[in-house]
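# Notes for the structure review
Here is what each chain is made of, one letter per residue.
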Amino acid sequence: MDINSLWNDFPALLLLLLLRVVLPMAGLYVVGWALWHWFAPSEAVRRRISFRQFALHLRVPVGLRVPELSARMTMTTLVTLLLWITAAGIMLARFFWGLGTVTALSDTVPWGLWIGFDVMTGVALAAGGFSIAATVYVFRLERFRPILRPAILTALLGYTIVVLALLVDLGRWYNIWHVFIMWNPHSIMFEVAWCVILYLTVLFLEFSPAIWERLHIVWAQKLLHRIIIPLVVLGVILSTLHQSSLGSLYLIFPTKLSALWYTPILPILFFVSALAVGIAMVIVESSLSAKAFGHKPESDLLAALTKPAAIVLGIYLVLKIGDLGARGQLARLLTPDFSSVLVWLELIAGIAVPLALFASRLTRVNSDARFWTAVLVVAGVMLNRMNVAVFGFYEYTMTLGVVYWPSLAEWIVTLAIVTFGVAVYVAAIKFLPVLPSEHEGIHA
């Protein structure tokens, strides 16, 4: 390599290092300092050990108690840490050498797993937050309050996963400020960007009472209590906008997206399916957290959610079949090929079967049947989002001699982001009053 060329590029490389390595590390240090300031062990406070001393001189004993883990949990923790380290290396390679270094993406297939699964699916699975918040605060159904905070936490982490995936996929994340000053109201991307930014802020504010209760900051609880209803209404509006807008993104592909999924009502289908999967995700999350943390599940409330879930699934099924029929695509389903099989899986396993099960009283009262039925709904909507974002383009790309399948690096980064969200959820449950029996202070 020419030494003069390298020297000329040195300022650009230095700026790249600052933006993509130094600033994120500084941000992590600031977050760590804040967490240490709020949750430092009493022994560290008594001995006046600062966060800097703790971070730079780990050999100093500070009285931290290492949790006792079983052999299975120890192995899970080690595998997760190894996964995160590997993903960090992949992301560094992606930031410095581009998407082509670590992904199977190309000019023919610019969107893949990180958009289809992490973004499209992550947004859909987070829909339970705005639906339960509206149920409690707008419709005044107070009996659903015990599942409100876990639902909002799940939604908050779902959108956090979306943002993390976008940071990796977009690369130049530091240009996000362009959205604030370079307005393009005719662009669906512009609407999605604004809605995600604003709704993530709203979700944090909706969840923040749990933080203020943990820190015993009463004035913040009172402030949130006064503005919570306008916040929830704003959240419902924003979530409605961008759930449908994600479907609108794919209306620009009439000749590339398979006719089995391309439809003018794609935004409506995205919104209705998000409502269904949001309710199902609340059932899944509540059931898993009850089992993992040993608290009593809110069986009556979860059983009550199955009725609206069945109604929404029924509407979704009618829309899907009616749309296929109106566009003359029902006959296409009788042709056995890759795309038609995926549509049949969506319709039967992801909609019709859980609809029938949720409509049954036996499923509603049986916790295991209720849980696995909700899992079917979640899997069905996840499949739909992957079909629209990835598999629906196979017919087009195959004519160009290209078949996209995510690389191992794409799967590793996706798993790392998802497990990070799970780890944060567990930490929030452990350290914050999220579960119903732990709520204190002012309701907000």
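Use the structure listed above.
Residues numbered from 1 in each chain as written. Predicted model: local features only at pLDDT ≥ 70, side-chain atom pairs only at ≥ 80, totals over all residues. Heavy atoms only, no water.

### Points about the overall build of the chain
How we decide: In DSSP terms, a helix is any run of H or I states spanning at least four residues, a strand is any run of E spanning at least two, and both are numbered starting from the N terminus. Working rule for contacts: check all heavy atoms of both residues, and any pair within 4.5 Å makes them a contact. Areas reported as accessible are Shrake-Rupley estimates using a 1.4 Å probe. Residue values count occlusion only from the protein chains shown.
Within the chain, the regular secondary structure consists of 19 helices and 0 strands. For the chain, the share of sequence-separated contacts (at least 6 apart) that also reach a separation of at least 24 residues comes to 75%. Carbon and sulfur atoms make up 72% of the accessible area of the chain, which amounts to about 23,200 Å² in all.

### Topic: a nonpolar patch on the surface
The cut-off we apply is this: Patch members must show over 30% relative accessible area and no salt bridge, and they are joined within 9 Å when carrying like charges or within 5 Å when they are nonpolar side chains of Val, Leu, Ile, Met, Phe, Trp or Tyr. One side-chain nitrogen of Lys or Arg within 4 Å of one carboxyl oxygen of Asp or Glu is enough to make a salt bridge.
Residues V138, F139, L141, I229, V233, I237 and L241 make up a contiguous nonpolar surface patch of roughly 570 Å² in combined accessible area. A per-element tally of the nonpolar patch places helix α12 (residues 218–248) first, with 4 residues.

### Here we look at the packing of aromatic side chains
Our working definition: Planes of paired rings set the category: under 30 degrees apart is stacked, over 60 is edge-to-face and the rest tilted, where pairs are Phe, Tyr or Trp rings (Trp by its six-membered ring) whose centres lie within 6.5 Å. Put simply, a charge is over a ring when the Lys NZ or the Arg CZ is close to the ring centre, within 6 Å, and near the line of the ring normal, within 35 degrees.
Going through the model one piece at a time under the given rule, you end up with 17 aromatic pairs. An angle of 70° between the planes, with centres 6.2 Å apart, marks the rings of W84 and F420 as edge-to-face. Linking W84 in helix α5 (residues 71–97) with F420 in helix α19 (residues 408–431), this pair joins segments that are 336 residues apart in sequence. The rings of W111, Y250, F253 and F393 are connected pair by pair, giving a single aromatic cluster. The positively charged end of R385 is found above the aromatic ring belonging to F270, 3.9 Å away from the centroid.

### A few points about the packing of helix α9 (residues 148–170) against helix α11 (residues 188–215)
Note the following rule: What counts as an axis is a line fitted to C-alpha atoms, over the stretch in contact for a helix, and the angles between N-to-C directions run from 0 to 180 degrees. Convention used here: angles under 35 degrees read as roughly parallel, angles over 145 as roughly antiparallel, angles from 65 to 115 as roughly perpendicular, and any remaining angle as oblique. If you view the pair so one helix is near and one far, a crossing is left-handed when the near helix is turned anticlockwise from the far one by less than a right angle, and right-handed when it is turned clockwise. Residues are grouped as follows: Ala, Val, Leu, Ile, Met, Phe, Trp, Tyr, Cys and Pro are nonpolar; Asp, Glu, Lys and Arg are charged; every other residue, Gly included, is polar.
Running from amino to carboxyl end, α9 crosses α11 at an angle of 135°, the nearest separation of the two axes being 9 Å. Classed by the angle they form, the pair α9 and α11 counts as oblique. As α9 packs across α11, the resulting crossing turns out to be left-handed. Between α9, through R149, I152, L153, A155, L156, Y159, T160 and V163, and α11, the contact on the second element is made entirely by V196, Y199, L200, L203, F204, E206, F207, P209, A210 and E213. In the contact of α9 with α11, the residues fall into 14 nonpolar, 1 polar and 3 charged.

### Regarding α19
For the record, the criterion: One less than the number of residues in a helix, times 1.5 Å, gives the span that helix is expected to have. Per-residue accessibility, obtained with a 1.4 Å probe over protein chains only, is compared with the maximum for each type, and a residue is labelled buried under 20%, exposed over 50%, and partly exposed between these values.
Taking 1.5 Å of rise per residue, the 24 residues of α19 would be expected to cover 34 Å, and the 34 Å separating its terminal C-alpha atoms lies within 8% of that figure. Those residues of α19 lying buried are A409, E410, I412, V413, T414, A416, I417, G421, Y425, A428 and I429. Close packing links the buried residues of α19 with α5, α6 (99–102), α7 (113–125), α9 and α13 (266–293).

### Topic: the environment of R214
Counted only if it meets this: Whenever a nitrogen or oxygen atom comes within 3.5 Å of another N or O atom, the pair is scored as a polar contact, on the condition that within protein one atom can donate a hydrogen and the other can accept it, and that pairs from neighbouring residues in sequence are kept only if both atoms are in side chains.
Turning to its location among the elements, R214 is positioned in helix α11. A polar contact is formed between the side chain of R214 and the backbone oxygen of F431, at a distance of 3.1 Å.

### Let's talk about α9
Because each turn of an α-helix spans 3.6 residues, side chains separated by three or four positions end up pointing in the same direction. If you check α9, its first and last C-alpha atoms are 33 Å apart, about what 23 residues at 1.5 Å a residue would give, namely 33 Å. In terms of residue burial, α9 counts as a mostly covered element, since 17 of its 23 residues are buried. Taken from the residues just after α9, G171 is the one with a positive phi, measuring 85°.

### Re the pattern of salt bridges
Under the definition given, this model contains 6 salt bridges. Note that E213 and R149 form a salt bridge whose closest N and O atoms lie 2.7 Å from each other. Separated by 64 residues along the polypeptide, E213 in helix α11 and R149 in helix α9 bring together distant segments of the chain. Note on accessibility: E213 and R149 belong to one class, buried. Taken together, the shared-partner salt bridges connect R332, D337 and E395 into one network.

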